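Structural features, examined
Listed below, chain by chain, are the residues.
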Amino acid sequence: MKYIRCMPLFMIMFFRIAEAPCSEYDLSVIKTRIITPMISSGRTGDIQQLIESQTKDGSWPDVNYTDENGGNWATSKHVSHLFFLAQGYRSKNSTFYGDDKCRNAISLGLDFWFKNDFINSNWWWNQIGIPGRMARTLLLFEDNLTAEQCAKGIDILKRSKIRMTGANLVDVAFITLMRGVLENDTETVQNAVDSIAGEIRITTDEGIQADFSFHQHGALLYNHGYGAVFSSKCGELAELVAGTSFAFPPEKIALMSGLILDGTRWMVRKSTRDYGATGRGLTRRAGESGSAAYIGGILDTMLKIPTGRESDFIAFKEQIDGVRESSVIGNRYFWRGEIMTHHRDAFYISARMYSDRLFNTDGAHNGEGLLSHYLCDGCTYIMQRGKEYHNIFPVWDWRKIPGTTVEIQAAFPEKIKIRGTGTFAGGVSDGMYGVASFDLEREGLAARKSWFFFDDIVVCLGSGISSETGNPVLTTLNQCFLNGDVTVAAKGSISTVKEGDHALDSADWIHHDRIAYLLYDSPAVRLSNRSETGSWNSISRQASKNSIEHTVFTLWLEHGNTPRSETYAYGIMPDISKEKAASYYANPSVSVLKNSPDIQIVADSERGITGIAFLNTGSTELPDGTTVTVDSPCLALVAEKAHGYDISIADPENRQTTVTVKLKVKTAFEIELFFKLPGGIYAGKTLTQRVAVK
């Protein structure tokens with residue numbers, strides 16, 4: 001449906017209310033909102049150089065028009081030039097505002113592109129990359145387009161067809177919206193808005209999950225990367241249509257807020273992403289690989305929309321801007337994303353797992369993520385400053401990713417993106433503390449890995465570590481930038497080690513960058529603090545082959561070539577001095593009670609918190625003498641309270657099931673609790689019950 005442009009405003013508003021659900025006036029509002037930020041900067045940059053260097057046929061000598069790269073497609077630079085020129089031409093703050101030479105350069109450049117109609121082998125460029133840039137250029141240059149240019153431009157935009165999911169759908173729908181604005185077609189705009197709004201929903205397909213993790217490329221955690229695009233575009237659209245007949249309903253705004261605040265925010269330390277939720281973007285250089293600064297723009301947008309959660313958005317923005325360390329304190333497990341994140345003001349630690357329900361990581365799309373095979377085999381990021389891993393990846397040993405247990409083969413496995421083969425992968429969380437646990441199974445290697453998250457320490461346990469291939473098996477505690485001295489405590493002696501490689505078989509604890517690694521029950525310990533070299537091209541074919549050198553701290557455990565039910569146990573204490581680490585090691589409040597293939601238990605006696613990974617049915621005794629018995633494998637947190645206990649249970653196999661918990665207190669008080677755990681999209685979620693003890 002189309003409307004008459006010259007109708008007075010008060011008449012348009014009257015008829016919109018009385019007769020029609022949407023109006024041409026709303027389209028003009030949306031168009032203004034799209035264009036205004038593109039011309040607000042008034043940047044001129046190299047516009048003069050672009051005008052002068054353009055050839056007679058409309059091309060530019062700095063553009064490679066024969067490039068066939070599906071990743072960083074050099075030919076697309078032509079359309080970027082057009083967009084840049086159009087911004088300068090339309091901005092009243094630009095010296096090229098309304099400039100005839102600038103206008104002619106744009107027109108000539110459009111004709112050159114339309115004549116050649118360059119196509120890339122990667123569908124993304126043809127359906128999103130080029131149409132997205134072209135749509136913005138056409139909107140800026142609309143009043144100067146010939147009928148032929150407009151028609152050919154619209155044909156390119158029509159390649160963005162609304163038939164995808166998740167972030168890709170939002171991209172093509174947004175391009176469709178801009179096309180509708182160009183064509184003054186309310187039906188096209190409404191279709192685009194409805195498509196995007198329809199994607200803002202809880203789903204088991206690609207998109208927002210029930211725990212506010214985000215999936216793209218199948219069942220694959222992607223809150224950053226594709227999730228960032230989704231959040232950004234949805235927020236941008238919500239702002240564009242706010243107050244018009246196209247406006248999103250409140251429930252859609254609530255879901256968008258949930259994805260950002262209850263999902264992505266929990267996967268950020270200061271202004272650094274959790275790399276486990278970044279996919280192949282991990283191997284993109286500089287800001288793209290790890291910075292979460294992009295979230296600042298999303299938060300600015302959401303603060304322009306009534307959400308009811310303004311204080312949370314402000315706090316998150318202060319975190320991204322460096323005003324505060326963290327905007328959340330607590331522990332959260334994402335049962336649909338299979339990641340546990342743990343926030344304290346001074347540090348952030350996460351544990352990443354995968355099962356037969358989830359892919360581990362993205363494949364080597366467009367030549368990126370070439371060595372990402374083990375990114376989810378127990379990956380444990382430890383961040384205080386937020387810069388511990390930023391751009392370290394060219395020099396990383398990708399078989400020693402922090403927290404992972406890996407069999408060292410002669411070559412990396414053939415496949416990168418795989419599902420796990422086990423069903424046991426989950427977490428239990430009461431909001432402040434948590435236990436994450438999973439069965440690692442990969443090509444003959446088996447291990448049961450668990451993490452116990454407390455206030456100032458995270459205890460990591462491994463049991464049943466077995467392999468029959470004859471290859472070495474390692475568990476890595478950390479691999480990050482070397483930042484200052486490395487101190488080793490062994491048999492009562494404390495010393496600073498020189499740069500190099502070190503065998504630390506008798507070590508009690510190691511201290512580096514205000515993090516103490518406490519060794520409880522561990523095999524051969526190895527330390528490397530030395531210079532490492534590599535290149536971005538080794539992990540991304542699109543990147544430079546230039547050699548890069550960094551000094552790296554790597555700490556790992558060796559389980560031998562044919563381990564048989566081996567174990568490890570170590571603690572991670574961030575934000576601690578060497579002196580306090582020594583004192584804590586001598587008088588710990590957290591202790592490992594059991595670490596076997598059947599049960600793993602860690603207790604914090606000071607706070608009365610015990611975490612238990614029941615890998616089978618069984619019974620165990622808490623530090624206060626209370627006995628806990630379960631009739632099904634589960635993860636449990638038992639917190640001593642003034643009234644008795646708070647007991648939290650979760651099923652790591654994500655089943656809808658009932659777990660019976662029997663509690664026998666020293667006073668002979670007995671109670672039987674039934675935990676009817678949720679199923680469907682909430683399978684794997686924690687359920688907590690309070691027990692009063694007389």
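Below is a short write-up of the structure.

What counts as what
- Residues numbered from 1 in each chain as written.
- Predicted model: local features only at pLDDT ≥ 70, side-chain atom pairs only at ≥ 80, totals over all residues.
- Heavy atoms only, no water.
- Pairing = 2+ DSSP bridges.
- Helix = DSSP H or I, 4+ residues; strand = E, 2+ residues; numbered from the N terminus.
- Axes fitted to C-alpha atoms, helices over the stretch in contact; angles between N-to-C directions.
- Parallel < 35°, antiparallel > 145°, perpendicular 65-115°, else oblique.
- Left-handed = near helix turned anticlockwise from the far one by under 90°.
- Contact = heavy atoms within 4.5 Å.
- Buried < 20%, exposed > 50% of the residue type's maximum accessible area, 1.4 Å probe, protein only.
- Nonpolar A, V, L, I, M, F, W, Y, C, P; charged D, E, K, R; others polar.

Here's the deal with the sheet that holds strand β30 (residues 658-664)
Within a sheet, adjacent strands bond to each other through the backbone by hydrogen bonds, running parallel or antiparallel. Here four strands make up an open sheet; going across it, the order is β26-β27-β30-β31 and the pairing antiparallel. The open sheet is flanked by β26 (618-621) and β31 (670-676), the only strands paired with a single partner. Taken over all neighbouring pairs, the strand axes of this sheet differ in orientation by 20° on average, direction set aside. One ladder, built from four bridges, connects β26 with strand β27 (residues 627-630); its direction is antiparallel. Looking at the pairing, G618 lines up with V630 of β27.

With respect to the packing of helix α5 (residues 100-116) against helix α7 (residues 147-157)
Following both chains from N to C, one finds α5 and α7 inclined at 55°, their axes separated by 11 Å at the closest point. By the angle between their directions, the pair α5 and α7 is classed as oblique. Note that α5 runs across α7; the crossing there is left-handed. Between α5 and α7, the residues in contact are S107, L110, D111, W113 and F114 and Q149, K152, G153 and I156, respectively.

A short note on the sheet that holds strand β12 (residues 445-453)
Pairing within the open sheet is antiparallel, and its nine strands lie in the order β10-β11-β12-β13-β22-β19-β18-β15-β16. Edge positions in the sheet fall to β10 (425-429) and β16 (493-496), since each has one partner strand and no second. When the angles between neighbouring strand axes are averaged without regard to direction, this sheet yields 15°. Across five bridges, strand β15 (residues 486-490) lies against strand β18 (residues 507-512) in antiparallel orientation.

Section: helix α14 (residues 310-320)
Listed in full, the buried residues belonging to α14 are F313, A315, F316, K317, Q319 and I320. Here the buried face of α14 lies against α11 (250-263), β3 (268-269) and α13 (294-302). Backbone geometry just downstream of α14 places G322 in the positive-phi region, at approximately 85°.

Quick look at the packing of helix α2 (residues 24-39) against helix α6 (residues 123-140)
The N-to-C vectors of α2 and α6 enclose an angle of 95°; their axes lie 10 Å apart at closest approach. Viewed along their axes, α2 and α6 adopt a mutual orientation that is roughly perpendicular. Taken together, the residues of α6 that come into contact with α2 (itself represented by K31, I34, I35, M38 and I39) are R136, L139 and L140. Among the residues forming the contact of α2 with α6, the class breakdown is six nonpolar, no polar and two charged.

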